Amino acid sequence: MSSYSASTAQRRGSVVPPLSGVDKPDSNDLPQKCDVLISGTGIVESILAAALAWQGSNVVQIDPGNHYGDSSSILNIEELKNWVNTVNSSKGSVFSNAQLYITRPLESRKYFIDLTPKILFAKSDLLPILIKSRVNNYLEIKPITSFHTYKNDAFEKVPGSKEDIFTDQSLSLLTKRSLMRFMKFVLDYKNTPDVWQPYQAAPIKDFLKDKFKLEPQQVEELIYSIGLCTTADVPTIDALARMHRYIVSLGVYGSFPALYVMYGSAGELVQAFSRSAAVAGAVYKLNTELVSYNKISKIATLSDGGRIEVSEKVIISAQDALTIPAIAPLAAGKNKTEVTRMVAIVSKDCKEWYAENEQAAIISFPPGSLASDNRIAVQAIIYGGGSGMCPMGQSIWYLSSTEKGKRARTDLEEALKRLEVSILRESTEDFEFDNVNVDDVSVRPDGMPVLSSVKLGQSLQNFVPREKLQYLLKLLYTQTTSALDSFDIESAGLTVVSPPSAEITFDGIVASTVKLYEQIVGSDDDFFDIDFEDDDDDEIAAGATGANRTIGSTTGATPAVGSSDEPFDDVDDNRGSVFADDMEL
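The shown structure was predicted, so the numbers you read here are calculated from the model rather than taken from an experiment.

S.K.: Now, about helix α14 (residues 406-426): what can you tell me, with residues and values included?
M.R.: Taking 1.5 Å of rise per residue, the 21 residues of α14 would be expected to cover 30 Å, and the 31 Å separating its terminal C-alpha atoms lies within 8% of that figure. Along α14, the residues that are buried comprise Ala408, Arg409, Asp411, Leu412, Glu414, Ala415, Leu416, Leu419, Ser422, Ile423, Leu424 and Arg425.

Okay, here's the thing in structure tokens:
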């Protein structure tokens, strides 16, 4: 049996405060009875296990693999090599067509490859759960300020504040007014349905053009970077919700809209929730799979020969269900979407793309912006060594596309080339700009001169790099994703948790978990309604001080997650938003 332990997490570099009741001696014996059996340790399954365990249910969670995470795993180099071999030899998996290239020997344990990378918006419904359950004590969460849109051979930084809009020399006064008016509208769009309802089913691009007279560049930034949409044909009602998510997240913890979890995203959350569930009494066993389940006798048979009587429900991840021939054809669910992913580790820190004191950035390549004439936006998450995923001085690039077939990989290769050219160009220290006059430079309130993005793009178009970018690792693979809702296979008496969605955010995770919880418990009233008042004071202190809960900021100290005097759940949508007040130019 392999148990989750503090020593394991600390060996990986995570900060996990020791809590009593987790690091028990390994045992090969699972209980003969349980309320809920969960096969798979994906993000939904792990949050569900913790919620049920704290509610009082007897939970047993197993996983066929030798590590936590299921399809959201975080792997070191050696684990990644084994994973690629397993994917390419497996007949049943949500992953396929994996290709791995490593240019030189790498120290395995210094790298953590996230198979399903995701970011977290500050107003996400997942953050209150992290705080309420105290799982945030086991995590290090850092900010992402920089969102870029690729256009005309340059990365345009998305305006995230009034100051950004005011100092952007590429915008006319009329465009600035239109953009500010739209930002204010999005902040409270639900209360002005008369503006958007005639367009609610129409493409968002039509709404932005007709109602707010925005220029094509601003339309693209709003759709692909602020909204993180992959096409301009997303219905207006859906796109507005996505843009609203970004705007209301600004100012919640600082001047940034999004965050990431160090050492990996969903995989780190899985381990944190698994730890919490273990404290609450859940039992875990890796290298163990569900072989069969008799819905009449309610007996589950495991690969180690064990048999467990399940009184309430058997939950199985789509990844695990695909390995059971009797249910595999039904296991992938409906509304499937294939995501093609590329991971590259390069010998550049890429600090030019990050905000000050940060180690992450988001880059969107809108349709038609690449030489491959991409029809779907390519999205990239960039992490530096300070993210804990690779050594300092290096960076890890996660690119993804929902384009179909071979064209997806062509688009990703073109996006990779643009990233390479850009970082070599922007990291050149002795580059000289020609014909710069006073009209091309503005000065920010802090005294920092800002070169016009138009002038910058013109000056850099013909740049020829003096060096080559060194790739240390390159990984390509395809992942089957689906809607986040679970579904029942009545003939087998099982409930299947769908694969993670194609989104690069955690949106929908909590709703999917709550739905499962309600099916089992009958109500979601006590979902993570945990009373910690009787906990041992020393244990609470260890949890509070043993992990770095503070979210970094580019503007000084910011509160720790959940440290506000007012509960997170009570935060008004407009709290702290940089577009909430004083909107007129």
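S.K.: Just give me the short version of the pairing of strand β12 (residues 290-294), but keep the residues and values in it.
M.R.: Walk down a regular strand and you will see the side chains alternate between the two sheet faces. Relative to strand β13 (residues 299-302), β12 runs antiparallel, the two sharing four bridges. For leucine 290, the partnering residue across the bridge sits in β13 and is leucine 302.

S.K.: An account of a negative patch on the surface is needed here, citing residue identities and associated values.
M.R.: A surface patch of negative charge is lined by Glu518, Asp524, Asp525, Asp529 and Asp531. Mapped onto the secondary structure, aspartate 525 falls in the loop between α16 (509-521) and α17 (537-545). Residue classification places aspartate 525 among the exposed positions, given a relative accessible area of 67%.

S.K.: Kindly report on the side chain of lysine 313, identifying the contributing residues and their values.
M.R.: Structurally, lysine 313 can be placed in strand β14 (residues 307-317). Aspartate 488 provides the closest opposite charge to the buried, salt-bridge-free lysine 313, at an N-O distance of 4.2 Å. Reaching out from lysine 313, the side chain makes a polar contact with the side chain of threonine 495 at a distance of 3.3 Å. Every residue in contact with lysine 313, bar those within four places of it in the chain, is listed here: Asp35, Val36, Leu37, Asp488, Thr495, Gln519 and Ile520.

S.K.: Can you break down the packing of aromatic side chains residue by residue, with the values?
M.R.: Counted according to the given criterion, the structure contains 25 aromatic pairs. One aromatic cluster in this structure is built from Tyr150, Phe155, Trp353, Phe365, Trp397 and Tyr471. The ring of tyrosine 138 carries the charged tip of arginine 275 above its face, separated from the ring centre by 6.0 Å.

S.K.: So what about the packing of helix α6 (residues 173-187) against helix α8 (residues 204-212)? Which residues, and what values?
M.R.: Where α6 contacts α8, the two axes come as close as 11 Å, and the packing angle between them is 120°. Regarding the angle of α6 to α8, the classification is oblique. The chirality of how α6 crosses α8 is right-handed. Packed against α6, whose contacting residues are Ser178, Arg181, Phe182 and Phe185, the element α8 presents Phe207, Leu208, Lys211 and Phe212 at the interface.

S.K.: Report on the nonpolar core, specifying residues and quantitative values.
M.R.: In this structure, Trp83, Phe147, Phe182, Phe185, Phe207, Leu208 and Met243 are the most contacted members of the largest nonpolar core, which totals 95 residues. Here this core spans two domains, and each of domain 1 (33-78 + 262-335 + 483-529) and domain 2 (338-428) adds at least three residues to it. When sequence neighbours within four positions are dropped, the list of residues in contact with phenylalanine 147 reads Ile119, Phe121, Glu156, Lys157, Val158, Ser225, Leu228, Tyr246, Pro257, Ala258 and Ile362. Judged by nonpolar contacts, the second largest core, of 52 residues, contains Val36, Ala53, Ile129 and Tyr517.

Rules used throughout
- Residues numbered from 1 in each chain as written.
- Predicted model: local features only at pLDDT ≥ 70, side-chain atom pairs only at ≥ 80, totals over all residues.
- Heavy atoms only, no water.
- Helix = DSSP H or I, 4+ residues; strand = E, 2+ residues; numbered from the N terminus.
- Expected span 1.5 Å × (residues − 1).
- Buried < 20%, exposed > 50% of the residue type's maximum accessible area, 1.4 Å probe, protein only.
- Pairing = 2+ DSSP bridges.
- Patch = residues over 30% accessible without salt bridge, like charges linked within 9 Å, V, L, I, M, F, W, Y side chains within 5 Å.
- Areas by Shrake-Rupley, 256 points an atom, 1.4 Å probe, with all protein chains shown as cover.
- Salt bridge = Lys/Arg side-chain N within 4 Å of Asp/Glu carboxyl O.
- Lys, Arg positive; Asp, Glu negative; His and termini not counted.
- Charge placed at Lys NZ, Arg CZ, Asp CG, Glu CD.
- Polar contact = N/O pair within 3.5 Å; in protein donor to acceptor, adjacent residues only side chain to side chain.
- Contact = heavy atoms within 4.5 Å.
- Phe/Tyr/Trp six-rings, centres within 6.5 Å; stacked < 30°, edge-to-face > 60°.
- Lys NZ or Arg CZ within 6 Å of the ring centre and 35° of its normal.
- Axes fitted to C-alpha atoms, helices over the stretch in contact; angles between N-to-C directions.
- Parallel < 35°, antiparallel > 145°, perpendicular 65-115°, else oblique.
- Left-handed = near helix turned anticlockwise from the far one by under 90°.
- Core = buried A, V, L, I, M, F, W, Y, C linked by side-chain atoms within 4.5 Å.
- Domains from an automatic or database assignment.

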